[in-house]
Amino acid sequence: MFRINENYLKLKAGYLFPEIGRRVKAFTDANPDAQVIRLGIGDVTEPLPTAVTDAMKAAIDDLSNRDSFHGYGPEQGYSFLRDAIAAHDYQNRGVNVSADEIFVSDGSKCDTGNILDILGSDNKIAITDPVYPVYVDTNVMAGHTGPADANGRFDGLVYLPVTAENNFVADLPSESVDIIYLCYPNNPTGTVATRETLQKWVDYAQQNNSLIMYDAAYEAFISDDSIPRSIFEIEGAREVAIEFRSFSKSIGFTGVRCAFAVIPTELKVTASCGTVVSLHQLWNRRQSTKFNGASYVVQRGAAGAYTPEGRQQMKSLVDFYMTNAKLLREGLQSVGITVFGGEHAPYVWLQTPNGLSSWDFFDLLLSKGHLVGTPGSGFGAAGEGYFRLSAFNSRENVKTALERFKSVVQ
Ligand code: MLT
């Protein structure tokens, strides 16, 4: 008889966003005339920048001609894209990352899950709480945890609460942990980390021989130059961190799919046999075996975002969503809601009114306002009493959503 990976049985029934989708479908089936506005999953709504689509069209033309045809590409990504990333996202900002340390992929969700392939099964893992659920669920699937308790917290993980009480800055773990997941600008709270906070984490990782998995998928939304966009702006980070970035939100690629991971050549670990091993080489070996690279057309599109006009269009797109975030923040504050985030991130994190639980507030907003958000408790036990609104929507929908929100809570 074949067997399944029984670690999957430890997971909560559904991944958060499909569960929200299920509830919304039940509501719309029962109320077919309701015009539901979705500010739940952070999915983009605006068209791709023309510099990106033009580059993709030209790439399709390349594929239509024998002389410029491309078959399998390099598993690590084409150099035209890796060079542009290294130059614009790092070197021009004074950050030491070279093109050959960049691995282009089809998404940060995949990268943050797949990276577990090259890590051992007995690491002590710390996550902030609330957290992007992928970090937790992929570790559960890989058998790195025990079962979940009544709050949905998995045995074996170290949870670091981030709430209004600690200003959304996690304390360093009191025990030594091997792997730490950090995400800034943060999903779901929309908050950011200062240079000092990140330096504390890098120093901790140096002292404890830990690895930092730094998810910077939302760095394009930072508008203040004093806030680090990359963990590699922090001294010592090249020896302890991997960075994940994505084109999903900055150029609207949630459906197109393109992202990258940066693994510095200095990042090394001693294996149990005493050999010093480079994580860069291990990941290269993994990708060359299990991945054939993101498509040529998609990578050409991503590279289009680094042309002068592409950079300008990307900025306009980011500014558009950040204006939505500002409207949401200010609109909610005007009716007495306490809000966080939304200044350097496309997510607004709010305290539920009247002490409602996150899911009760979800149901109230859906049934009375025909609005969808994401319950904070879906991101972890410490998210209870909070709620996330995504700024990814049309301006018109955001304005209508605000009016409806106000009428529900007032
Ligand atoms: C979210 O809503 O948290 C994001 O869309 C999830 C993701 O990017 O995978």
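All values derive from a computational prediction rather than experimental measurement. (Residues numbered from 1 in each chain as written. Predicted model: local features only at pLDDT ≥ 70, side-chain atom pairs only at ≥ 80, totals over all residues. Heavy atoms only, no water.)

**Some details on the domain arrangement of the protein**
Accessible area lost during the coming together of the parts is what is often quoted as the interface size.
Next up, step 1: Under the domain assignment, the protein is made up of domain 1 (6-47 + 311-409) and domain 2 (52-308).
Next up, step 2: For domain 1 versus domain 2, the separation of C-alpha centres amounts to 25 Å.
Next up, step 3: Taken together, the contacts link 36 residues of domain 1 with 49 residues of domain 2.
Next up, step 4: Counting the surface lost from both domain 1 and domain 2, the interface buries some 3,400 Å², and carbon and sulfur atoms represent 64% of this. (Domains from an automatic or database assignment. Contact = heavy atoms within 4.5 Å. Buried area = accessible area lost by both parts, 1.4 Å probe.)

**Focus on the pattern of salt bridges**
Next up, step 1: Under the defined criterion, the tally for this structure stands at 18 salt bridges.
Next up, step 2: Residues Arg23 and Glu19 are paired through a salt bridge, measuring 3.1 Å at the closest nitrogen-oxygen approach. Residue Arg23 and its partner Glu19 are located together in helix H1 (residues 16-30), separated by four residues, close to a single helical turn.
Next up, step 3: Where Arg245 meets Glu219, a salt bridge forms, and the shortest distance between an N and an O atom there is 3.4 Å. With Arg245 in strand S7 (residues 241-246) and Glu219 in the loop between strand S6 (211-215) and S7, this pair connects stretches of sequence that are 26 residues apart.
Next up, step 4: You can call Arg245 buried: its relative accessible area is 3%.
Next up, step 5: Of the residues examined, Glu219 reaches a relative accessible area of 12% and is grouped as buried. (Salt bridge = Lys/Arg side-chain N within 4 Å of Asp/Glu carboxyl O. Helix = DSSP H or I, 4+ residues; strand = E, 2+ residues; numbered from the N terminus. Buried < 20%, exposed > 50% of the residue type's maximum accessible area, 1.4 Å probe, protein only.)

**Brief notes about the site of the ligand**
Next up, step 1: If you check the shell around the ligand, you find Phe17, Ile41, Gly42, Tyr132, Asn187, Tyr218, Lys249, Tyr347 and Arg388 and nothing else.
Next up, step 2: At 2.6 Å, a side-chain N or O of Tyr132 approaches an oxygen atom of the ligand.
Next up, step 3: Between the ligand and Arg388, the relevant distance is 2.7 Å, taken from an oxygen atom to a side-chain nitrogen or oxygen of the residue.
Next up, step 4: The residue inventory of the shell around the ligand, partitioned by class, reads five nonpolar, two polar and two charged.
Next up, step 5: Residue assignment places the shell around the ligand across two domains, with domain 1 (6-47 + 311-409) and domain 2 (52-308) each supplying three or more. (Near = heavy atom within 4 Å. Polar contact = N/O pair within 3.5 Å; in protein donor to acceptor, adjacent residues only side chain to side chain. Nonpolar A, V, L, I, M, F, W, Y, C, P; charged D, E, K, R; others polar.)

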